[in-house]
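Residue-level structure breakdown
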Amino acid sequence: MTLQMAVDADVGDAAASFTRQVELRFTDGESRTIDVDDGETVLAAAKRAGHKLASQCEVGTCCTCVARLHEGAAEMPAGQVTALTRDEVAGGQRLLCQTRVLSDAAAFGLDYPTSVLTGYPTVLFTAKIQRLTWLSDTVVQLDLKVPKAVRLRFMAGQYCRIKVPGTDAWRSFSMASGEHEHGKLSFLVRVLPSGAMSDYLRDKARAGATLEMEGPVGGFVLESSSRPHVLIAGGTGVAPMLSMLDKIRLVRPTPPVLLIFGCVRQAELFLQDELEARQSFMPTLTVRVALVEPGDAHGVVEGNPVEVLRAEDVLPDSIAYLCGPPGMISAAEARLIGLGVAPSDVRAEQFLPS
Amino acid sequence: MTQSAYAVGNAAALSRQYGPYVQADWGYANHWYPGVYSHEVEERGVVGITVGGHDIAVTRDASGKAWAISDRCIHKGVKLSLKPMCFADKTITCWYHGFTYNVETGNLHTIVGSPDDKLIDNARTRTYPTEEFAGIIWVFVGDEDYDVPPIETDLPMKVTDKDNAIPHLQDPDILALGIRRKLYGNWRLATENGLDPGHLLVHWDNQIVVALDRAMPLGMKALKDDATELIDIDKGPKGVMNRYDLPDNYEPVFTNPKVEIKARGSVMFEPFRVSAWVPGSLMVENWPIPNYGQYEFYVPIDDHHHMYWEIIVYRGTTEEQKKEFEFKYEHFFKPLGLLDFNNNDIMAREATEEFYEKRDGWNNEHLADLDFSVVAWRKHAAKYGRGFFEQPYADEE
């Protein structure tokens, strides 16, 4: 909502009230601008605008919502005991749950990044290779053990950056493990004939080796919903889908989920046992495996993952998650929207070989 | 090709088949668990328990109703149960700064020495749903906004296919007595040990088996792939049952010519059955002797400890039946069954935990044919957990 719209909306109000524009500045350099109504606290206005700022008691006691006034004028009610000393208030600190803005515009500095508004902070950490499992000739599953001291939490669909040991190259991989697998991260990596990470995994990686990591990263995240889900994955793009399935399985009521998993040929196909097992412990899951060159493979359909999507797979309220190479993503988006899925309900993450 | 840092066996591929179960190191959230025995909590008494990392204080109001509330004062996080204080009915007061909560709503009702504090009625702690029957106060533990399912979905099923079936825990004529103790070991290893048809060697020389001259085979060989029955009752219990009562299902093993050991005992009792139930309990029918039963619950405390519940049940309504049951319990079932016999199971679980904790046993165990029943349980339990308890500590190194 813009300032102009807010003023327009208030025109009919007899006691014409003011709307003030407040900028919230975060440590990652990002900012959010919100409209604060007359008499409204900054915290309440932020909440109304959909920004979940750090806060707890909301009565001025706990100090969680403390921020620093950068520009403008803003005050907390007089004669109330709060957790801030007089000197701290004079120095610009304010509790946003108590603070009302006096000037037409104001700016506050928060001491955390915007990632806190939506999810978990990105951290740098090291992890140990616990296990390397070759799932096919070209795909390896990398299981990592994260030290307990690392407070790593992520949302299904997000990824980590991994530094290729002995180089300055970083590569990004989506978590295949679930949000709840304490201290464990799993990734699926397509190993190419050449490439920094491919060379490392093929020739040097050993259980026990240490990797430098950064994560979680990414806005491709699952929203908990009981609407029907369509997941479309190409190759190792199935990784974030596995993490998402772990979460969808616990949604009540559990939605129907169709996972379309595409590979080129049988020699490159992997995780068939795993997907079969997942259907056994998640009765609402249907898996359709698509091979462009099916040969004599059993239990698969011929085609790429978009071609094998049928009109009846999609309902008007379906929500779709896509992960795979760029060509697959754009084809799947067009097809899903053509079948009536709202563009805002098609979420995608594309990847490139590395 | 798999490389592992700790390879002994290689169960990594198998463990995929029941992934959610392997993830449930802290236990399944959003289930009913036994909290305390009824006799442990008097009116205005407070007993602290921990379930899946949730610290919970159980108390009782003047009408006799049991309540469960977070056992962490919101103020400085101390446990309310450390020094029970209930000055008014349906309240609990923290012994430190006097934060006083309504036990039904969790609302901060007053602060003893700061009655005008702004926080009063503006803060709350969380509460947990309770039920009470069979001499036990049950607590639903999980997400606060979870739509609480009926408790019978989390109990062993009601047996209906046998005459003189052992009582269901909700039956009104149940007589139930038992103990609970905190043990080292993950809740899953405890549950599996209870169900495991392959572990009879542990009990070969136990007092109760020798005293009763009870025929105890060395093992039970499954003859069919459905010898362990998967039970999935719509809107009811989910579990697996070793159908020892069906002669076509199992062949008892009494001797092994490669080693000099033979099964002991000559008295064949009424066939007993063992079944395991989500979220983590056991029902043993016709044990320790016919027409009696034993229920066990393995309640996760954290990822390496569980509360072990051992309950003997029988049917009766008269004072005389109750007295006779209490006598047999004190002088027979408890010392020979719950203590001597089950202590051998405890030894086994603690020994297993060490490997699973330090050497990633879930991926490195080496399963055999005799584990069919345990694997069936794992797959079944993977399907029906309603959520996972989270590791609650800020720093756990």
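All residue numbers here refer to positions counted from 1 along the written sequence of the relevant chain. In the order they appear in the text, chains get letters beginning with A and ligands get numbers beginning with 1. Local features in this predicted model are restricted to residues whose pLDDT is 70 or higher, and side-chain atom pairs enter the listing and the counts only when it is 80 or higher, whereas totals over whole chains, interfaces and linings include all residues. Excluding hydrogens and water, the side-chain figures rest on all heavy atoms present in the structure.

Some thoughts on the overall build of chain B
Looking only at helices and strands, one finds seven helices and 22 strands in chain B. Referenced to the eigenvectors of the C-alpha coordinate spread, the extents of chain B come out at roughly 80 × 65 × 35 Å. Each residue's exposure class comes from its accessible area (1.4 Å probe, protein chains only) as a fraction of the maximum for that residue type: buried when under 20%, exposed when over 50%, partly exposed otherwise. Here chain B, with 397 residues, has 55% of them falling under the buried criterion. A separation threshold of at least 6 residues defines the contact pool for chain B, and within that pool the share at least 24 residues apart is 66%. Counting every atom, chain B has about 17,400 Å² of accessible surface; 52% of that belongs to carbon and sulfur. When charges are tallied, Lys and Arg are placed among the positive residues and Asp and Glu among the negative ones, while His and the ends of the chain are skipped. Charge positions are represented by NZ for Lys, CZ for Arg, CG for Asp and CD for Glu. A gap of 0 Å separates the mean positions of the 40 positive and 62 negative side-chain charges of chain B. Going along the chain from the N terminus, every DSSP run of H or I of four or more residues is numbered as a helix, and every run of E of two or more is numbered as a strand. Whether two residues are in contact is decided by their heavy atoms: any pair within 4.5 Å suffices. The method behind every accessible area is Shrake-Rupley, applied with a 1.4 Å probe, and residues are considered shielded solely by the protein chains displayed.

Re the interface of chain A and chain B
Taken residue by residue, the interface counts 33 residues in chain A and 37 residues in chain B. Buried area: the sum, over both parts, of the accessible surface (1.4 Å probe) that disappears when the two are put together. A combined buried area of about 3,000 Å² lies between chain A and chain B, and 47% of that area is made up of carbon and sulfur atoms. Interface area lost by chain A to chain B is led by A:Arg131, A:His182 and A:Phe281, which between them contribute 22%. Only one rule defines a salt bridge in this text: a Lys or Arg side-chain nitrogen within 4 Å of an Asp or Glu carboxyl oxygen. Applying the counting criterion to the chain A and chain B interface returns one salt bridge. In this structure, A:Arg131 engages B:Asp360 in a salt bridge whose closest nitrogen and oxygen atoms are separated by 3.1 Å. Two N or O atoms form a polar contact when they lie within 3.5 Å of each other; inside protein one atom must be a possible hydrogen donor and the other a possible acceptor, and for residues adjacent in sequence the pair counts only when both atoms belong to side chains. Here chain A and chain B share six residue pairs in polar contact (both at pLDDT 80 or more) between them. Secondary structure elements with two or more residues in the side of chain A that touches chain B: β8 (123–134) and α7 (272–281) of chain A. Under this grouping Gly is polar, as are all residues other than the nonpolar Ala, Val, Leu, Ile, Met, Phe, Trp, Tyr, Cys and Pro and the charged Asp, Glu, Lys and Arg. By residue class, the composition of the side of chain A that touches chain B is 14 nonpolar, eight polar and eleven charged.

A few points about the pairing of strand β10 (residues 159–163) of chain A
Residue and element names in this part refer to chain A. Two strands are counted as paired when DSSP detects at least two bridges linking them. Relative to strand β13 (residues 210–217), β10 runs antiparallel, the two sharing three bridges. Paired with Ile162 across the strands is Met213, a residue of β13. Counting the residues that bridge the hairpin from β10 to strand β11 (residues 170–174) gives six residues, and of these Gly166 lies at a positive phi of roughly 80 degrees.

Observations concerning the sheet that holds strand β3 (residues 46–51) of chain B
Residues and elements named next belong to chain B. With antiparallel pairing, four strands are arranged side by side in an open sheet as β3-β4-β5-β9. The two strands at the open ends of the sheet, each matched to only one other strand, are β3 and β9 (127–128). As defined by bridge partners, β3 adjoins strand β4 (residues 54–60) across six bridges and the pair is classed as antiparallel. Residue pairing across strands places Val46 opposite Thr59, the latter belonging to β4.

Focus on empty space enclosed by the protein
All names here are of chain B. The definitions used throughout rest on a 1 Å grid laid over the protein atoms alone, on which a cavity is an enclosed set of points accommodating a 1.4 Å probe that cannot get out and a pocket is an open set flanked by protein within 12 Å on both sides along at least five of seven lines; lining residues are those having an atom within 4 Å of a point. Grid points are joined across faces, edges and corners, and a volume is the space filled by probe spheres set on the points. Under the defined criterion, the tally for this structure stands at four cavities of 30 Å³ or more. Quantified by volume, the largest cavity comes out at close to 50 Å³. Lining the largest cavity are Pro34, Gly35, Ile49, Thr50, Val51, Arg180, Val299, Met307 and Trp309. Contributing elements (two or more residues each) for the lining of the largest cavity: β2 (31–37), β3 and β22 (305–315). If you tally residues by element for the lining of the largest cavity, the top one is β3, at three residues.

Some details on the nonpolar core
Of all hydrophobic cores here, the largest spans 94 residues; its most connected members are B:Tyr21, B:Trp138, B:Leu169 and B:Phe297. Here this core takes eight residues from helix α5 (residues 319–358) of chain B, the largest share from any one element. Apart from the residues within four sequence positions on either side, B:Phe297 is in contact with B:Pro34, B:Trp138, B:Leu155, B:Pro156, B:Leu169, B:Gly280, B:Ser281, B:Met307, B:Tyr308, B:Trp309 and B:Ile311. In terms of nonpolar packing, the next biggest core, distinct from the first, is built from 34 residues, A:Ala233, A:Leu245, A:Met282 and A:Val287 among them. To define a nonpolar core, start from buried Ala, Val, Leu, Ile, Met, Phe, Trp, Tyr and Cys residues and group those joined through side-chain atoms within 4.5 Å.

Observations regarding the sheet that holds strand β11 (residues 136–141) of chain B
One key point about sheets: their strands pair by backbone hydrogen bonds, in either a parallel or an antiparallel sense. All names here are of chain B. Pairing within the open sheet is antiparallel, and its three strands lie in the order β2-β11-β10. Whereas interior strands pair on both sides, the edge strands pair on one side only; in this sheet they are β2 and β10 (130–133). Between one strand axis and the next, the sheet turns by 30 degrees as a mean value, whatever way the strands run. By the bridge criterion, six bridges tie β2 to β11 in an arrangement that is antiparallel. Of the residues in β11, the one forming a bridge with Val36 is Ile137. For every element, the axis is a line fit to its C-alpha atoms; helices are fit only across the contacting stretch, and the angle between N-to-C directions ranges from 0 to 180 degrees.

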